[in-house]
Every structure is written in C-alpha cells, then in structure tokens.
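Here is how the chains run, residue by residue.
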Amino acid sequence: QKEVEQDPGPLSVPEGAIVSLNCTYSNSAFQYFMWYRQYSRKGPELLMYTYSSGNKEDGRFTAQVDKSSKYISLFIRDSQPSDSATYLCAMTFTGGGNKLTFGTGTQLKVEL
Amino acid sequence: DAGITQSPRHKVTETGTPVTLRCHQTENHRYMYWYRQDPGHGLRLIHYSYGVKDTDKGEVSDGYSVSRSKTEDFLLTLESATSSQTSVYFCAILAGVYTGELFFGEGSRLTVL
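Worth saying up front: this structure is predicted, and the values here are computed from it rather than measured. (Residues numbered from 1 in each chain as written. Chains lettered and ligands numbered in written order. Predicted model: local features only at pLDDT ≥ 70, side-chain atom pairs only at ≥ 80, totals over all residues. Heavy atoms only, no water.)

Draft legend 1. Looking closely at the interface of chain A and chain B. Contact with chain A, which involves 20 residues of that partner, is made by 23 residues of chain B. Across the chain A to chain B interface the summed buried area is about 1,700 Å²; carbon plus sulfur atoms make up 51%. Three residues stand out in chain A for area buried against chain B, namely A:Arg41, A:Asn98 and A:Phe102, and they jointly supply 32% of the buried area on that side. Our enumeration of links across chain A and chain B arrives at one salt bridge. A salt bridge links A:Lys42 to B:Glu106, with the shortest nitrogen-to-oxygen separation between them at 3.3 Å. The interface formed by chain A and chain B contains four residue pairs in polar contact (both at pLDDT 80 or more). At the level of elements, β4 (32–38), β5 (45–51) and β9 (85–92) of chain A are the ones that each hand at least two residues to the side of chain A that touches chain B. Among the elements that take part in the side of chain A that touches chain B, β4(A) stands out by supplying four residues, more than any other. Class assignment of the residues belonging to the side of chain A that touches chain B gives a composition of nine nonpolar, seven polar and four charged. (Contact = heavy atoms within 4.5 Å. Buried area = accessible area lost by both parts, 1.4 Å probe. Salt bridge = Lys/Arg side-chain N within 4 Å of Asp/Glu carboxyl O. Polar contact = N/O pair within 3.5 Å; in protein donor to acceptor, adjacent residues only side chain to side chain. Helix = DSSP H or I, 4+ residues; strand = E, 2+ residues; numbered from the N terminus. Nonpolar A, V, L, I, M, F, W, Y, C, P; charged D, E, K, R; others polar.)

As structure tokens, this is what we get:
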C-alpha cells in the first residue's frame, strides 16, 4: 500500500461545477500538506499549502486537512477550462529530511 | 521565482549509452532534487542534494548517480540507460525550508530505445 493514495481520474466536469479532489495517507507524522497543479508537459507548481488540520482558502480554491481521518481535500469553486490539469497532493513532516511524498495525481478536465 | 533550467529538455538515446541531465539554479538554494514521473507512479524521488558534494539516495536510485560540484548545478547521470528509465525527469529546489515546499523545473523528457 502506498503511503499516499490519490484517485487518478480522469475527472471530467462542466464549467462552473464545484470540484472535489482528495488524498488519503497512512503516516500520521505528516504535518505539512500541499497541492500542486501540473499542466500538460510542464513542471508541477505549488497551488495551496496548509499546516496541520483545518481549512485554507485562496480565491476559488479551498484546501482542507482532517488529520484524524488522514484525509485531505482540494475544492475548486466555479471551475474554469483553465483549471484543466493534473492535481497532485504532497505532504511531509518536520524531520522528514526535507522530502515530500506525492500522490499519483488526479487528472481534471473542465469542459465548456 | 527561483530560476531553474533543465537541459536537455528532450533526448532520445539507445539502451546502454550514458546520459547526463543537468539542472541549473540561479538563487543559491541549498537543497536540490531529482524526480522521475511516470503514469501510475506519480513523482518519485531519485536523489537529492543538501549541499556541494553532499548527496543522498531517494526511493528509486538504482541505475542513477548524481553530482554537485557547485551550488548552482546538480547533475543526474544514467551510466548505462535502460528502457525502464524512459521517463520525464524533474529537478526541484527547496523553496520553503520549514515547510518542505518544492519549486520544479520544466522537466526533461528522456526516451531510451
């Protein structure tokens, strides 16, 4: 079993929909949680970052962390075709040797 | 933004040949990383460096070596390329020392025939 599990999709939604992307993890030591967005043939770019449990909002994006369930989510409101990309969750912890553990990524397509 | 340049961006080579990928950064970051990305596996760490001449293995280091003789350059070498090393390779630097945030390059697409 992988340390971080992520549904690979693909996920196809109509423009304007609310999108929910999720990851589960097994290592309770993880403290820092990130979401990266990766456009086709590009490098991943950091989208959202949260520390420990709770919510964080940035424009149309909301990241949630539930450490008790070892579950993190990324919500995209009013999705746009420009949101079409692969979304990767990543996580680490203090003392983790500055190394991130990534999910395999969820491919999202927002259709007109 | 940290400036990361990977070269070459695309390469096709034959089984058994040596290949070196270069990662160059412009902002003096201490930590640098090499990942490979494959369908179904996501990003997997090959090697990383925490300073000049200081390197360590990641989870998929077999068949790869690295060198870092200058802060700005981190080289990934495949001594004898195999078809299983066909992949997209990403270099990254540690942008957030306390949070583990990584900043990635644009990737190098390697095909081993």
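Draft legend 2. Quick look at the environment of B:Gln6. All names here are of chain B. Residue placement: Gln-6 occurs in strand β1 (residues 4–7). By relative accessible area, which is 5% here, Gln-6 ends up buried. Through-space distance from the C-alpha of Gln-6 to that of Asp-73 is 9.9 Å; in sequence the pair is 67 residues apart. Not counting the four nearest positions on each side in its chain, Gln-6 is found in contact with Arg-22, Trp-34, Tyr-89, Phe-90, Cys-91, Gly-105, Glu-106, Gly-107 and Ser-108. Of the polar contacts made by the side chain of Gln-6, one reaches the backbone oxygen of Tyr-89; its length is 2.9 Å. Of note is the side chain of Gln-6, whose polar atom sits 3.1 Å from the backbone nitrogen of Gly-107. (Buried < 20%, exposed > 50% of the residue type's maximum accessible area, 1.4 Å probe, protein only.)

Draft legend 3. Structural view of the sheet that holds strand β3 (residues 19–25) of chain A. Residues and elements named next belong to chain A. Judged by pairing direction, the sheet is antiparallel, and its five strands sit side by side in the order β1-β3-β8-β7-β6 without closing on themselves. Edge positions in the sheet fall to β1 (4–6) and β6 (54–58), since each has one partner strand and no second. Across this sheet, the average inter-strand angle for adjacent strands is 15°, counted without regard to direction. Sheet topology note: the β6/strand β7 (residues 61–66) ladder contains five bridges and is antiparallel. Bridge pairing in β7 places Gly-54 opposite Val-65. (Pairing = 2+ DSSP bridges. Axes fitted to C-alpha atoms, helices over the stretch in contact; angles between N-to-C directions.)

Draft legend 4. Seen up close, the pairing of strand β8 (residues 71–76) of chain A. Residues and elements named next belong to chain A. Bridging between β3 and β8 involves six bridges; their strand directions are antiparallel. Note on β8: the bridge partner recorded for Asn-22 is Ser-73. Connecting β7 to the antiparallel partner β8 that follows it, the hairpin turn spans four residues, and Lys-70 within it adopts a positive phi of roughly 55°.

Draft legend 5. View of the sheet that holds strand β7 (residues 64–70) of chain B. All names here are of chain B. Taken in spatial order, the four strands make up an open sheet running β1-β3-β8-β7, and their pairing is antiparallel. The open sheet terminates on both sides in strands that have one partner only, identified here as β1 and β7. Neighbour to neighbour, the strand axes of the sheet diverge by 15° on average, direction disregarded. Of the pairings in the sheet, the one linking strand β3 (residues 19–25) to strand β8 (residues 73–78) comprises six bridges and is antiparallel in character. When the bridges of β8 are listed, Cys-23 appears paired with Phe-74.

Draft legend 6. Here's a closer look at the packing of aromatic side chains. Scanning all chains against the criterion turns up 16 aromatic pairs over all chains. Ring geometry for B:Tyr48 against B:Tyr50: centres 6.3 Å apart, planes inclined by 50°, an arrangement best described as tilted. The class for B:Tyr48 is buried, based on a relative accessible area of 8%. Counting every residue linked through ring pairs, the aromatic cluster contains A:Tyr36, A:Phe102, B:Tyr31, B:Tyr33, B:Tyr35, B:Tyr48, B:Tyr50, B:Phe90 and B:Phe104. (Phe/Tyr/Trp six-rings, centres within 6.5 Å; stacked < 30°, edge-to-face > 60°.)

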